[in-house]
Structures are given as structure tokens and as C-alpha cells.
Amino acid sequence: MRYFVILKDDTLLQILGDESFHRLKPLFLAGSPGLKHSISDRGHRVRYGDMTDPGMYQPLHLSAEDTVVVHITESTVLRKILKVLHAVSPETSVLVLAGPEGLSADEYPSMRSVTLPSLCSEGLVIAVEDLHNQKKVNRIKNILEDADKVVILMQNDPDPDSIASGLALRTLLGRNRVTAPLTSLGRVERPENLAMIKLLEIEVEPFREELLEGGNKLVMVDVQPPYFQREFPQVEVLIDHHPQVEKYDAVFQDLRVHYGATSTIMTEYLRAENTKLTHKLATALLYGIKSDTLLLERETDRADVAAYTYLYPHANHNLVRRIEHPELPQEGLDPLAEALKNRIIRDRVLFSHIQRCAREDLIPQFADFCLQVEGVEWAVVSGLVDDELVISVRNVGYIRSAGEVVKEAFGKLGSAGGHRSMAKAVVPLKNIDKEVDTSNPIDLQEYIARLFLDSLNKHHMR
Ligand SMILES: [Mn+2]
């Protein structure tokens, strides 16, 4: 494919720069000797002639494979050029960089027009945002510059968004895991989050009071002080997207409640700073946005989509898949096979019980799998973990809320709850061992099925 560019002057080159044209390697067609010189001085191939003369185009042997970009603002000249081009080679694609008033697509079906402002405005918006974010990053750096350690505090059960945000902040500050530790008063618990820190080799340290002594400074990401319900010394920097429920003090804060993830704010910081994105950081941030917005479906801002797009080419998607689907340990296969063999399906609900469950995270994984069975609308997978019965529930999404059904079925026996399409219950065995023989998997499965179906039918008022 060949490209040709017809110019009235070098405005277009000045605005778009030579780089984009070097990529297309076009032949420029100039209407004046002066323009010809200035284009060739910039290192482009150029030919000079009368743009409205068919003789200019005939030697080019234009075909349907070729594209001509036209930037002529004077409409009578533009019309003449388009007419000549159309006569010489009606199939050649013509991109007009102007609002060609009175030119109809019917007349020139191979023509398309875009205005220069529409081409450049997105870039302008980004540049303005970058400038704004750059100022914030400078402020953050100033505040934290003299700290011995920057202690980054996340929620008590750190989620991917907070972990990725902490990692991004550490990178922006040019610090490492010793001088900017990621800390939590609790620990990472969900299997996906554990897989994330394991696969991306991220260390989350327990928060210790000594960390706030001396010349260390406290920072919070993806969380605000009232969440912790305790006193802290001065919070120096706070970056979050949750709504502010109570007042608190921070030297600098960037709170963007319309954003779906703190990782989006951090990605904007990195973009503004032109920081090189490692696979690790890009993967963490992409997964942070993805998990906080349920793959850009929930409470998503235009900014989240833009950040996701920015990160996408730098992220390791194979790792994201492995984080989302943690590895199945080999020793888990036999108990799973047994559970699958003993499954029962009633009223489109598949029940399966793992009597010897080595790892709790097998249960939700297996529930996801069971939901793929033909004709099944609900998967209820249970398993014995230590002295508790853990029940994971999944549904296909358009029926009753899993959280409500599970609460009704098992809420009196232990903790139970969840969302529309997924829910979980944890029942201490001592709460049920008078009603059912918990050493017998078949009895236990029947017991769970009865409680669950009773609750589901109660909720069947749709
Ligand atoms: Mn978040």
C-alpha cells in the first residue's frame, strides 16, 4: 500500500510532526517550489506540480490499494483536486483533513473526512491531564523525599487494587521494598490475591507500630483512616477512590470517588511521569482495575477504561489468567473426582461435596467449574476444611441473588452472604453435628441440599 499527501503548506507537518509521516513513508505532493523545499528539508520524498492538473497524478498509477491524504483548506481548490483524483482513479481512498462543506459521500464513495481538531483534541486532553497529574506527583515526592521509610498502609485484607497502587507508588518514588514497604494490619487472604502476590513476587508485610517511629512517614492507598477505627500519627499522603465518610487529616490527598479503582489514579501518575512500565507493575495495575471494576462493568469511569487501555500492551495476560484461576494442586484431584461422582442435580442445582478438602480455595474453583455443566443454573459446592463446613455457591447470574439464598439457608448456622452471582457460607461443624453425621459425605450433601433448596424455593417469587 502506498501513501500520498497533498499539502497546501506545512501546517500539517508542524502539528503532527514528522514521526507519523515517517511511519507511512508517503510521497508528498507540493503545489509550490517553496513548500517542496521545506518538505524535503524535513527528510520526506516530495514532488512538485499543479495539484488540480490530472497530469500530476497519471504517472503515479493510482489504484484501489493506495491512499491519498489531502490537507487543503480552500474549498474551491479542494473540490477541484477531489474531482481530478476521482476522475483519474475513483477507487483510490482519499482522506480529507478538513470539513469539506458541500462534499457528499455519495459523490465520492472512496472519500472520508476528519477535521484536524478531532484528530488532535484527545491528545490535548491527555496532555492537560498529564500536566495536572505531574504536579500532584511532584507534591507527593516533595512530601516524602526526606522520609527514611515510606510506610504504605493498605486495607486489612489487601485487595489487588491496593497492592498494585502501593507498588506503583513505590515505583514513582524510586524506592524499594525496604524503603517503601507495603503493609497491612491483616493479611492477604483471598486465593486470587494470594496468587497475585505469589506470581508477581510482591511482599506484603504485617504493619508494626515501630514502623511509624523515627523519620518514617505514613501513606495510605485505596483506604482512608476512619476504616481502621484507631488513631494514627500524621497521614502524609492518601490516594483513594472510596467516598469520604468521615473527616480526617492528610497532608496531601487525591480522592477521586468517580473512579473505579485507585490503580487508575496511579496509572495516570505513571503516564504523566513517563515512567517505564515493567510487566510486573503493568500486570498488577491492570488486574487491580479489572478486579475492582469487575472487568470494567461496575462503577467504571472513562478514566478506568483509558488506564486499562494504556496498561494493556505492557501487561502479562498469561499471568493475569493464572492469578484468576489459581493452580489446582495434584493431591486435590482424587477428592474432586469423588465429589464429582457423588454429585446430585435437583431443580437445576448441582450439589457436590468434597469430604477431604486440602485447600479451601478448591471449593470456589470447583463451584465455578460445576456451573459449566449443561442445564445447571446453580452450583453448590461444599467441603470440610478443618472443623468447618465451607459452602461456595455460584449461579448463572440472571436468577435469584446467591447472597440472599445462602443467607437464608445457612445464616443461622454460621456466617453466610455474598453477591448476586456468588456467595459463601462457613458453618462450624459443632453447630450441625447433632442434626447430621458430618463424617458421612452423602448425608452431609443431602443435608446441605435440603437447606439450600428450601431457601431457594422460598425465594422463588420471581
Ligand atoms: Mn479499590
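None of the values given here were measured: they were computed from a predicted structure.

The rules behind each value
- Residues numbered from 1 in each chain as written.
- Predicted model: local features only at pLDDT ≥ 70, side-chain atom pairs only at ≥ 80, totals over all residues.
- Pairing = 2+ DSSP bridges.
- Helix = DSSP H or I, 4+ residues; strand = E, 2+ residues; numbered from the N terminus.
- Axes fitted to C-alpha atoms, helices over the stretch in contact; angles between N-to-C directions.
- Buried ≥ 20, exposed ≤ 12 C-beta atoms within 10 Å, placed from the backbone.
- Core = buried A, V, L, I, M, F, W, Y, C linked by C-beta atoms within 7 Å.
- Contact = placed C-beta atoms within 7 Å.
- Domains from an automatic or database assignment.
- Expected span 1.5 Å × (residues − 1).

## Let's talk about the sheet that holds strand β14 (residues 349-354)
The strand order across the open sheet built from six strands is β13-β14-β15-β16-β18-β17, with neighbouring strands paired in mixed fashion. Edge strands, defined here as strands with exactly one partner in the open sheet, are β13 (344-346) and β17 (415-418). Direction aside, the axes of adjacent strands within the sheet are offset by 15° on average. In this sheet, strand β16 (residues 388-395) lies alongside strand β15 (residues 378-385) in antiparallel orientation, the contact comprising eight bridges. Residue pairing for β16: Ser382 is matched across the bridge by Ile391.

## Side note on the pairing of strand β7 (residues 150-153)
What you see with β7 is no split at all: Val150 and Ile152 on one side and Val151 and Leu153 on the other are buried throughout. Looking at chain direction, β7 and strand β10 (residues 217-221) are connected through four bridges and run parallel. Across the sheet, residue Ile152 finds its bridge partner in β10, namely Val219. Where β7 meets strand β8 (residues 182-184), two bridges bridge the pair, whose relative direction is parallel. Note on β8: the bridge partner recorded for Ile152 is Leu182.

## What about the nonpolar core?
By size, the foremost hydrophobic cluster in this structure holds 51 residues, and its most contacted members are Ile152, Ala168, Val219 and Leu285. Not counting residues up to four positions away in its chain, the partners in contact with Val219 are Val150, Val151, Ile152, Leu153, Leu169, Glu236 and Val237. Val349, Leu384, Leu389 and Val406 belong to the second largest nonpolar core, which has 35 residues in total.

## Observations concerning the domain arrangement of the chain
Domain annotation of the chain identifies domain 1 (3-114), domain 2 (126-323) and domain 3 (330-458). For domain 1 versus domain 3, the separation of C-alpha centres amounts to 67 Å.

## Details of helix α9 (residues 279-292)
Taking 1.5 Å of rise per residue, 14 residues should cover 20 Å, and α9 covers 20 Å from first to last C-alpha, within 8% of that figure. Where α9 is buried, its residues meet α6 (160-172), α7 (191-199), α8 (262-272), α10 (302-311) and α11 (317-324).

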